Amino acid sequence: MGSEPTTQSVTIFGSEYKIKGADPDYIQTVAAYVDGKMRELERRLATGTPTKIAILASLNIADELLRERAERVRLDKELVERA
């Protein structure tokens, strides 16, 4: 069986959150990624509330995800055509 979920603290954009998951290293990696995206936007925006920065970071991350999915579909189709 897999590891039991554990709860750990992560800090994202200066706020602490309790996150439950089986892999603490993965949780830290995800939290650091989100924190990095938010801090990048904070540097680029002249002004922005934490909520606005979080929403824009979420949109950027969703864009990355959807582009990666589209690329995977394209590559899967290309592989099928070659087979």
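Draft legend 1. Spatial organisation of the overall build of the protein chain. Within the protein chain, the regular secondary structure consists of two helices and two strands. When the elements of the protein chain are put in sequence order from the N terminus, they spell out β-β-α-α. Here the C-alpha atoms of the protein chain give a radius of gyration of 17 Å, more than 25% beyond the 12 Å that 2.2 N^0.38 yields for 83 residues. Each principal axis of the C-alpha atoms in the protein chain carries an extent, and together these give about 50 × 45 × 15 Å. Taking all 83 residues of the protein chain together, 16% fall into the buried category. Carbon together with sulfur atoms contributes 57% to the accessible area of the protein chain, which is approximately 6700 Å² in total. Of the charged side chains in the protein chain, 13 are positive and 14 negative, and the gap between their average positions amounts to 5 Å.

Criteria and cut-off values
Residues numbered from 1 in each chain as written. Predicted model: local features only at pLDDT ≥ 70, side-chain atom pairs only at ≥ 80, totals over all residues. Heavy atoms only, no water. Helix = DSSP H or I, 4+ residues; strand = E, 2+ residues; numbered from the N terminus. Rg over C-alpha atoms; globule rule 2.2 N^0.38 Å. Buried < 20%, exposed > 50% of the residue type's maximum accessible area, 1.4 Å probe, protein only. Areas by Shrake-Rupley, 256 points an atom, 1.4 Å probe, with all protein chains shown as cover. Lys, Arg positive; Asp, Glu negative; His and termini not counted. Charge placed at Lys NZ, Arg CZ, Asp CG, Glu CD.

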